[in-house]
Amino acid sequence: MPAMAEDSDLEKSEPASPRRLEEARQRGNIARSRELSTFAVVMTGVATLVLMGPQFIGELERIMRDGLTLDRKLLADPHNMLEAFYRICADALTVFTPFLVAVTIAAILAPLMMGGWLFTLEPISPKFDKLNPLPGIQRMFSVQALAEMVKAVLKSMLIGGVAGWVIWRERGEILALIGESPFSGFAHTGQLIAYTMEVVVGSMLLLVAIDVPFQLWNYHRSLRMTKEEIRQESKESEGDPHIKGRIRAMQREAARKRMMQEVPKADVIVTNPTHYAVAIKYQSGKMTAPQVVAKGSHLLAERIIELAREHKVAILRTPPFARALYFHAELGQEIPAKLYTAAAEVLAYVYQLRHYQTYGGNQPTAPDQLPVPSELDPEADKPPAEPAES
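None of the values given here were measured: they were computed from a predicted structure.

J.: How do you make sense of the overall build of the protein when you look at a structure like this?
T.: The helix and strand tally for the protein stands at 14 helices and four strands. Here the analysis covers contacts within the protein between residues at least 6 apart in sequence; of these, 75% occur between residues at least 24 apart.

Following this line, the structure appears as structure tokens:
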């Protein structure tokens, strides 16, 4: 059973992930159909000739008439003959410019219909392993090469058969061209050619309908992944658990350092006295309510208290208020509205204490019964501890 499970993991039975598809696109590996491109170019060319055929014929007649008209100036000076030749070539190119533009646009847009727009230099980047002839020889005799050869033979038979059938069907009109005048015969020939090309293009549509789904299926099949590759990619995307844990620990440490830097700037530290410590700060005109700038429990609470003593920040023992702030106030956020009255009494005491320490006078009395709602104090409903027996 373990061997069968291992074989199943190594079998490419899973569809390609978005990451695998994106990596393939970056390498220039996208789904393409030669039959679609050929059909688009031929169809566009035939449609352009059919729509603009009379205009092409009229312009070609004019160019031919002008080119065959003899002029004594051309005969006397070879330089004039060369200029006339250039002019005729330029006129012919101008006539066929719409045809060339339409075909070029079709050749560009056809591949975009399957793989979308892609610009990468990866396929033409130098690779020394391409100098090895063995892979090329192997591709020449591969199943893919055999399939392409069979497809080319069938395509030739289909297009050739359809073209032959059209010619045999219209053999009477083709033979009748011998008795027509040059200009009418030329126009009639163009109509027969256009009709033949339309039928051939119609037959090519059948090839496109078969080749496009096959190329899409073959492309996605070539990018299929094993279950082990899926797991490895998922692991790389999500990151190694140990590394992620280390990153989270570093982030917590950085946040803790930033928090401890705010302790010396606080107005007062309220404590439990040892279980919890919360630093609050209020700036009149800049804050609508006091904010919690640091908080911690146990060892971190002791560190906050030590740092506050080092920087002579007021420390007030208010267990219910400290517990309420610790559990219901977030760092950098304003304290809950239900604690505004208690905070106002604490800050009033701190301001009075500062005045006493600076100017003397009557020492303020620390508040001991702050109005803290019972629902904000997690220990409000606990019964008092029983005295120890002597």
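J.: Is there a simple way to think about a positive patch on the surface in this case?
T.: On the surface, K244, R248, R252 and R256 cluster together into a positively charged patch. Tracing the chain through its elements places R252 in helix α11 (residues 241-262).

J.: Please explain the nonpolar core as it appears in this structure.
T.: Across soluble globular proteins, nonpolar side chains have a tendency to be buried as a group. F321, L325, L339 and V346 are the most contacted members of the largest nonpolar core, which has 23 residues in total. Elements represented by at least two residues in this core include exactly β1 (268-271), β2 (276-281), β4 (314-317), α13 (319-328) and α14 (340-359). In terms of residue count, the dominant contributor to this core is α14 (six residues). Residues within four places of F321 in sequence aside, it is in contact with V270, I280, L339, A342, A343, V346, L370 and V372.

J.: Please clarify how the side chain of Q215 should be interpreted in this entry.
T.: For Q215, the location among the structural elements is in helix α9 (residues 182-222). A relative accessible area of 11% places Q215 in the buried class. Discounting residues that sit within four places of it in the chain, Q215 has contacts with R32, S33, M114, E148 and K151.

J.: What am I meant to see in α13 here?
T.: Counting along an α-helix, one turn takes 3.6 residues, and residues three or four places apart therefore face a common direction. Restricting attention to buried positions, one finds in α13 the residues P319, F321, A322, R323, A324 and L325. Those residues of α13 that are buried lie in contact with β1, β2, β3 (291-297), β4 and α14.

J.: How should the sheet that holds β3 be read in this particular structure?
T.: What links the strands of a sheet is backbone hydrogen bonding, and the strands pair in either a parallel or an antiparallel sense. Strand order in this open sheet of four strands is β3-β2-β1-β4, and the pairing throughout is mixed. With one partner strand each, in any of the chains shown, β3 and β4 form the two edges of the open sheet. The mean inter-strand angle of the sheet, taken between neighbouring strand axes irrespective of direction, is 20°. Note that β1 and β2 share four bridges and pair antiparallel. Counterpart to T271 in the pairing with β2 is A277. Those strands touched by α13 are β1, β2, β3 and β4, and its axis lies near 80° from that of β2.

J.: Would you explain the pairing of β1 in this entry?
T.: Each regular strand displays side chains that alternate between the two surfaces of the sheet. The two faces of β1 match: V268 and V270 on one face and I269 and T271 on the other face are all buried. Bridge count between β1 and β4: four bridges; the pairing is parallel. Paired with I269 across the strands is I315, a residue of β4.

J.: Explain the pattern of salt bridges to me, please; I cannot follow it from the model alone.
T.: Opposite charge on two side chains permits them to pair, given that their charged atoms come into close proximity. Taken as a whole and assessed by the stated rule, the structure comprises 10 salt bridges. Among the salt bridges present, the one from D377 reaches R323, with a minimum N-O distance of 2.7 Å. In this pair, D377 sits in the segment after α14 while R323 sits in helix α13, placing the two residues 54 residues apart along the sequence. As far as the burial class goes, D377 and R323 line up, both buried. Ionic contacts of the salt-bridge type, sharing partners, join the residues R303, E306 and E310 into one network.

J.: When you look at unusual backbone geometry in this model, what are you seeing that I'm missing?
T.: Most peptide bonds are trans, and most residues other than glycine sit at a negative phi. Even without glycine at this site, H298 takes up a positive phi of about 55°. Relative to the helices and strands, H298 is located in the loop between β3 and α12 (299-310). Positive phi values are uncommon outside glycine, yet K312 reaches one of about 55°. By relative accessible area, which is 79% here, K312 ends up exposed.

J.: In this structure, what is going on with the environment of E345? I would like to understand it.
T.: Turning to its location among the elements, E345 is positioned in helix α14. Considered as a pair, E345 and Q369 are 24 residues apart in the sequence and their alpha carbons are 10.0 Å apart. For E345, the residues in contact, after removing those within four places along its chain, are P367, Q369, L370 and P371.

J.: Can you help me understand the confidence of the model for the protein in this one?
T.: Should the pLDDT be low somewhere, the predicted coordinates at that spot are not to be read in detail. On average, residues of the protein score 79 in pLDDT, and 82% of them reach the 70 mark or higher. When the criterion is pLDDT under 50, residues 1-7 qualifies, and its contacts beyond four places in sequence or with other chains add up to zero contacts. Below pLDDT 50 for its whole length, residues 385-390 participates in zero contacts with residues either more than four positions away or in separate chains.

Here is what the cut-offs are and how they apply
Residues numbered from 1 in each chain as written. Predicted model: local features only at pLDDT ≥ 70, side-chain atom pairs only at ≥ 80, totals over all residues. Heavy atoms only, no water. Helix = DSSP H or I, 4+ residues; strand = E, 2+ residues; numbered from the N terminus. Contact = heavy atoms within 4.5 Å. Patch = residues over 30% accessible without salt bridge, like charges linked within 9 Å, V, L, I, M, F, W, Y side chains within 5 Å. Areas by Shrake-Rupley, 256 points an atom, 1.4 Å probe, with all protein chains shown as cover. Salt bridge = Lys/Arg side-chain N within 4 Å of Asp/Glu carboxyl O. Lys, Arg positive; Asp, Glu negative; His and termini not counted. Charge placed at Lys NZ, Arg CZ, Asp CG, Glu CD. Core = buried A, V, L, I, M, F, W, Y, C linked by side-chain atoms within 4.5 Å. Buried < 20%, exposed > 50% of the residue type's maximum accessible area, 1.4 Å probe, protein only. Pairing = 2+ DSSP bridges. Axes fitted to C-alpha atoms, helices over the stretch in contact; angles between N-to-C directions. pLDDT = per-residue confidence, 0-100.

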